[in-house]
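Overview (structure and organization)
Residues per chain are reported as follows:
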2 protein chains.
Amino acid sequence: MEISRPSLEERAAECARELTFSATVAYDGAPFAGFAKQPGQLTVQGELEQALGLLFRRPVDVVCAGRTDAGVHARGQVVSFDIDECELRGRTPYNLRRSLNALTCEGIAVRAVEERPRGFSARFDAQWREYKYFLATGDTPPVFTDRTAWYVGPNLDIAAMERGAAHLIGEHDFKSFCMAASAVGKPTCRNVEEISIASEETLGEPHRVITVRGNAFLHSMVRTIVGTLVMVGRGQRDPDWVAEVLAARDRQAAGENAPACGLIFWSVGY
Amino acid sequence: MEISRPSLEERAAECARELTFSATVAYDGAPFAGFAKQPGQLTVQGELEQALGLLFRRPVDVVCAGRTDAGVHARGQVVSFDIDECELRGRTPYNLRRSLNALTCEGIAVRAVEERPRGFSARFDAQWREYKYFLATGDTPPVFTDRTAWYVGPNLDIAAMERGAAHLIGEHDFKSFCMAASAVGKPTCRNVEEISIASEETLGEPHRVITVRGNAFLHSMVRTIVGTLVMVGRGQRDPDWVAEVLAARDRQAAGENAPACGLIFWSVGY
């Protein structure tokens, strides 16, 4: 029986077929100088692109659903990248996931790799993004979640925080909630679909978890929303002050950024 | 109006009144060489007794509900100690808690201090003790609970583990589940009231949590139970093998100790 070999022309045509993949990535933000690549720094993008470069022996760029700052964690960050079919050499998405996990440093876990429609972009095709912010609310600081929560103590007025958060739901200009330098000359309207506050025991320690979901987010927007709501929860400001902050369109009007360690980029919808 | 001062005799009588306190203590086991004091080592008992010594300017001994090995965590360890009433100088249990938290190192949190009936012993008055063991069961190792879980992957047969665990419920000689050196010449019968396996998402990562409750536990008994059950869950042994292990009264018959980092001493009942 003769084995049928593809002709050179067939192989060239096959190589022209570009495939798009997405990877769902979790990371502990602590060791990284953020998601975005920076020369001489440990970054999540740098680790992923280095791993893909080793696998495919050429530079491979990744696009992410949302850049995260230094120290911010991710449970469901999504990145996309393009690979020519012939470069795959038979590798399945499952193989790609295994290789990426083997070639990236500790603190990064590639949860899934999927083939996507050609040209899919983790950034531009995202319909919504969800973040969760963990507040530790026990009488004493947490011993198990010190790396993934902001310790604020037990006396938050949650009802007041919920009333304050209600002002932020819907499409608004969130310029007051954007790191000033990033806002210059760029559109700052975003649509926030949900802000909810749940009570949760994590590893036996009490927490309040603030879930924020919207179409897209400005630089440090979730941390500024949380910092602002915690001021309301502590009674330092009235719930209606949040509406004034929003109307001011000025970062100085809002509360401090909540610490990076409490924030987890939770999931993305496509 | 004359101020009534206590006489010397009255003050001496007051000082003879010994009060007993308990403290509920959480700790991250990682930095400690276990609970029990050891010269030249960082231990939980050492930290607590040093703090009490600084507060009361004399050595104060603490008794614990259950000694934990190096690396084992606690959410609800309980210790008891005696203080003469006159030494308190008006300090309330709330003040004691604050002082202990201020004087112990990071990684220890004193959750509560309570006055107990005189002569109360955290060890001898305990009716039951509960431990939880966290197994991380995702496709990839956890990024947020690597410090508080044992990563065993997603393919455990939980029903088989539950059938195996059923053999351990009740009063038995648990010599096979006790670190050999500790068992020599000591009673090894214990009453295990509950072993249950729950599914739990912790910080967005999938876990199985094994709860073990009993009247008292031998040295490394919970970790040996978990190590043995995980062998059953992985299909390396049948559920009925657990009955053989129990009957053997020989530590060599059981599975390996599960790693310390997954174990949390959860609570104690009095």
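Fair warning: this is a prediction, and the values are worked out from it, not measured in the lab.

**Considering unusual backbone geometry**
Residues and elements named next belong to chain A. For Leu203, which is not glycine, the phi dihedral falls at a positive 50 degrees. Here Leu203 lies in the loop between strand E8 (189–202) and strand E9 (205–214). Its identity is not glycine, yet Arg249 carries a phi of approximately 50 degrees, on the positive side. Tracing the backbone shows Arg249 in the loop between helix H8 (241–248) and strand E10 (263–269). The exposure class of Arg249 is partly exposed, given its relative accessible area of 42%.

**Some points on the packing of aromatic side chains**
All names here are of chain A. Summed over the entire model, instances satisfying the criterion amount to 18 aromatic pairs over all chains. With a centroid separation of 6.5 Å and 35 degrees between ring planes, the pair formed by Tyr27 and Phe35 is classed as tilted. Of the two residues, Tyr27 and Phe35, both sit in the buried class. Ring geometry for Tyr133 versus Trp150: centroids 6.4 Å apart, planes at 85 degrees, classification edge-to-face. Placement of Tyr133 in strand E5 (residues 128–136) and of Trp150 in strand E6 (residues 150–151) is noted, with a sequence separation of 17 residues between them. Under the relative-accessibility criterion, Tyr133 is labelled buried at 0%. The ring centre of Trp241 lies 4.9 Å from the NZ or CZ of Arg237, which sits over that ring.

**Comments concerning the interface of chain A and chain B**
Contact with chain A, which involves 30 residues of that partner, is made by 30 residues of chain B. Buried area between chain A and chain B, summed over both chains or domains, comes out near 2,200 Å², and the portion from carbon and sulfur atoms is 56%. Interface area lost by chain A to chain B is led by A:Val143, A:Phe144 and A:Leu203, which between them contribute 29%. Linking chain A to chain B there are 6 salt bridges. A salt bridge links A:Arg75 to B:Glu201; the shortest N-O distance between them is 3.9 Å. Remark: the boundary between chain A and chain B carries 12 residue pairs in polar contact (both at pLDDT 80 or more). Among the secondary structure elements, those contributing two or more residues to the side of chain A that touches chain B are strand E1 (18–27), strand E3 (73–84), helix H4 (93–103), strand E4 (108–116), E8 and E10 of chain A. Of all the elements, E4(A) adds the most residues to the side of chain A that touches chain B, at 4 residues. Residues of the side of chain A that touches chain B, tallied by class, amount to 14 nonpolar, 7 polar and 9 charged.

**Focus on the UniProt feature "binding site: substrate" (unreviewed entry) in chain A**
All names here are of chain A. Sequence positions flagged by UniProt for "binding site: substrate" (unreviewed entry) are, in local numbering, Tyr131. Relative to the helices and strands, Tyr131 is located in strand E5. The class of Tyr131 is buried, set by a relative accessible area of 7%. The contact partners of Tyr131, leaving out residues within four places of it in the chain, are Ile210, Thr211, Val212, Phe217, Val222, Leu263, Ile264, Phe265 and Trp266.

**Quick word on the relation of the copies chain A and chain B**
Expressed as a screw transformation, the operator carrying chain A onto chain B has a rotation angle of 180 degrees and an axial translation of 0.0 Å, and the superposed copies differ by an RMSD of 0.0 Å. Both chain copies can therefore be described as sitting about a two-fold axis. Closest to the rotation axis within chain A is the C-alpha of A:Thr202, separated from it by 3.2 Å. Most of the interface of chain A is mirrored in chain B, where 100% of its interface residues again form contacts.

**What about helix H5 (residues 158–166) of chain A?**
Residues and elements named next belong to chain A. What H5 keeps buried is the set Ile158, Ala160, Met161, Gly164 and Ala165. For H5, the arc enclosing every buried residue in end-on projection is 155 degrees, short of the 170-degree limit, so these residues lie on one face. Elements that come into contact with the buried residues of H5 comprise E5, E8, E9, helix H7 (221–233) and H8. Its side-chain oxygen 3.3 Å from the backbone nitrogen of Ala159, Asp157 forms the N-cap of H5.

**Thoughts on the pattern of salt bridges**
In total, this model carries 24 salt bridges over all chains according to the counting rule given. Taking the shortest distance from any N to any O, the salt bridge between A:Glu193 and A:Arg213 comes out at 3.3 Å. Taken together, the positions of A:Glu193 in strand E8 and A:Arg213 in strand E9 put the pair 20 residues apart, joining distant regions of the chain. Because the salt bridges share partners, they merge into one network encompassing A:Asp28, A:Arg147 and B:Asp146.

**Details of helix H7 (residues 221–233) of chain B**
Residue and element names in this part refer to chain B. Given a rise of 1.5 Å per residue, 13 residues ought to cover 18 Å, and the 18 Å separating the end C-alpha atoms of H7 matches this to within 8%. Counted residue by residue, H7 has 13 buried out of 13 residues, so it is predominantly covered. Positive backbone phi, at 80 degrees, marks Gly235, one or two positions downstream of H7.

**Considerations on the environment of A:Asp28**
Here A:Asp28 is to be found in the loop between E1 and helix H2 (44–56). A relative accessible area of 10% means that A:Asp28 is categorised as buried. In the structure, A:Asp28 is positioned 236 residues away from A:Ile264 in sequence and 8.9 Å away in space, judged by C-alpha atoms. The contact partners of A:Asp28, leaving out residues within four places of it in the chain, are A:His73, A:Gly107, A:Arg147, B:Val143 and B:Phe144. Within polar-contact distance, the side chain of A:Asp28 engages the backbone nitrogen of A:Ala30 at 3.2 Å. A polar contact is formed between the side chain of A:Asp28 and the side chain of A:His73, at a distance of 3.3 Å.

Rules used throughout
- Each chain has its residues counted from 1, following the order in which its sequence is written.
- Chains carry letters and ligands carry numbers; both start at the beginning, A for chains and 1 for ligands, and go up in the order they are written.
- Two thresholds apply to this predicted model, a pLDDT of at least 70 for residue-level local features and 80 or more for giving and counting side-chain atom pairs, whereas whole-chain, interface and lining totals are computed over all residues.
- Each side-chain value is derived from all of the structure's non-hydrogen atoms; neither hydrogens nor water enter the calculation.
- Labels follow the DSSP assignment, with helices taken as runs of H or I lasting at least four residues and strands as runs of E lasting at least two, numbered in each case from the N terminus.
- When a residue's accessible area, from a 1.4 Å probe over protein chains only, is under 20% of the maximum for its type it is buried; when over 50% it is exposed; and in between it is partly exposed.
- Two rings belonging to Phe, Tyr or Trp (six-membered ring only in the last case) form a pair when the distance between their centres is within 6.5 Å. Interplanar angles under 30 degrees mark stacking, angles over 60 mark edge-to-face geometry, and anything in between is tilted.
- Charge-over-ring placement is defined geometrically: NZ (Lys) or CZ (Arg) within 6 Å of the ring centre, and within 35 degrees of the ring normal.
- Any two residues whose heavy atoms approach within 4.5 Å are treated as being in contact.
- Simply put, the buried area is the total loss of 1.4 Å probe accessible area from both parts when two parts are fitted together.
- We count a salt bridge whenever a side-chain nitrogen from Lys or Arg sits within 4 Å of a carboxyl oxygen from Asp or Glu.
- Pairing of N or O atoms within 3.5 Å defines a polar contact, subject to two protein rules: one partner must be a possible hydrogen donor and the other a possible acceptor, and residues neighboring in sequence count only if both atoms are side-chain atoms.
- Note that Gly is not counted as nonpolar here; it falls among the polar residues with everything else outside the nonpolar set of Ala, Val, Leu, Ile, Met, Phe, Trp, Tyr, Cys and Pro and the charged set of Asp, Glu, Lys and Arg.
- UniProt positions are given in the numbering used here, feature names are shortened, and annotations may be inferred rather than shown by experiment.
- Only residues with pLDDT of at least 70 in both copies count here: their C-alpha atoms drive the least-squares fit that superposes the copies.
- This arc corresponds to the set of directions leading from the helix axis out to the C-beta atoms.
- Every helix has an expected span of 1.5 Å times one less than the residues it contains.

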